[in-house]
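Close look at the chain arrangement
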Amino acid sequence: MSSTYHSLHYHVVFSTKDRERSLPESGLDQVHEYLGGIVRNLDGHSHGVGGVSDHVHLLFSISPSHRLADFMRDLKKASSVWLRDRSGGRGFTWQEGYAAFTSAL
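What comes next is a walk through the structure. (Residues numbered from 1 in each chain as written. Predicted model: local features only at pLDDT ≥ 70, side-chain atom pairs only at ≥ 80, totals over all residues. Heavy atoms only, no water.)

1. Let's talk about the overall build of the protein chain
Put simply, the rule reads: Helix numbering and strand numbering both begin at the N terminus, where a helix is a DSSP run of H or I of at least 4 residues and a strand a DSSP run of E of at least 2. Here the radius of gyration uses the C-alpha set of atoms, whereas the globule reference equals 2.2 Å times the residue count to the power 0.38. Relative accessible area decides the class of each residue, using a 1.4 Å probe on protein chains only: under 20% of the type maximum gives buried, over 50% gives exposed, and in between gives partly exposed. Residue exposure ignores everything except the shown protein chains as possible cover, and the areas themselves are Shrake-Rupley values with a 1.4 Å probe.
Across its full length, the protein chain carries two helices and four strands. From first element to last, N terminus to C terminus, the protein chain shows the α and β order β-α-β-β-α-β. On C-alpha atoms alone, the protein chain measures out to a radius of gyration of 14 Å, which is about the 13 Å that the 2.2 N^0.38 rule sets for 105 residues. Across its three principal directions, the C-alpha atoms of the protein chain cover 55 × 25 × 20 Å. Here the protein chain holds 105 residues, and the buried ones make up 36% of them. If you sum the accessible surface of the protein chain, you get close to 6,500 Å²; carbon and sulfur atoms cover 50% of it.

Given below as structure tokens:
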């Protein structure tokens, strides 16, 4: 075969530290948009982002050359920095780890 085709999608769920309701209720759409932007900046394809004040769901695809653990580390780090900046210096932290589910479509 002269080329490779892949279609692997990840559904990832992760929460705020101690499941505290620390994501802003009034700004959840902005948080979701920002997370989708980070996925795109990391060379992924965001297919949907949602969630509530204590956890988020992301549906995205990445290249097989990406390592999911590295991708998630970078996504959580970038979003933590942004959320801390938006909160006026108040601390923000995601939980350690995440749940990831895959399917080939």
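2. Some thoughts on unusual backbone geometry
Its identity is not glycine, yet R19 carries a phi of approximately 55°, on the positive side. With respect to the helices and strands, the residue R19 is situated in the loop between strand 1 (8-15) and helix 1 (28-41). Even without being a glycine, D43 presents a positive backbone phi close to 65°. Following the sequence through the fold, D43 ends up in the loop between helix 1 and strand 2 (45-52).

3. Overview of the nonpolar core
Our working definition: What is meant by a nonpolar core is a set of buried Ala, Val, Leu, Ile, Met, Phe, Trp, Tyr and Cys residues, joined one to another through side-chain atoms within 4.5 Å. It only takes one pair of heavy atoms within 4.5 Å for two residues to be counted as in contact.
By size, the foremost hydrophobic cluster in this structure holds 21 residues, and its most contacted members are F14, L23, L58, F60, M72 and L75. Elements represented by at least two residues in this core include exactly strand 1, helix 1, strand 3 (55-61) and helix 2 (68-86). Counting residues per element, this core draws most heavily on helix 2, which supplies six residues. When residues no more than four places from it in sequence are discounted, the contact partners of L23 are T16, L28, V31, V52, S53, H55, V56, L83, F92 and W94.

4. Concerning the pattern of salt bridges
We count it as follows: By convention in these notes, a salt bridge is any Lys or Arg side-chain nitrogen within 4 Å of a carboxyl oxygen on Asp or Glu.
Tallied over the entire structure, the rule returns four salt bridges. Here D70 and R67 are joined by a salt bridge, their closest N and O atoms 2.9 Å apart. Among the residues examined, D70 registers a relative accessible area of 27% and is labelled partly exposed. A network of salt bridges, in which partner residues are shared, links R67, D70, R73 and D74.

5. Details of the packing of aromatic side chains
Note on aromatic pairs: each is described by the distance of the centres and the angle between the planes. Stated formally: Side-chain rings of Phe, Tyr and Trp (the six-membered ring for Trp) are treated as a pair once their centres are within 6.5 Å; stacked means planes under 30 degrees apart, edge-to-face means over 60, and tilted covers the remaining angles.
If you walk through the whole model with that rule in mind, you get five aromatic pairs. Summarising the aromatic geometry, the rings of Y34 and W82 are spaced 4.1 Å apart at their centres and angled 5° between planes, so their arrangement reads as stacked. Pair noted here: Y34 is in helix 1 and W82 is in helix 2, with a separation of 48 residues, a long-range link. Look at F92 and W94: their rings are 4.9 Å apart centre to centre, the planes differ by 90°, and that puts the pair in the edge-to-face class. Here the two residues F92 and W94 agree in accessibility, since each one is buried. Put simply, the rings of Y10, F60 and F71 touch in pairs and so form one group of aromatic residues.

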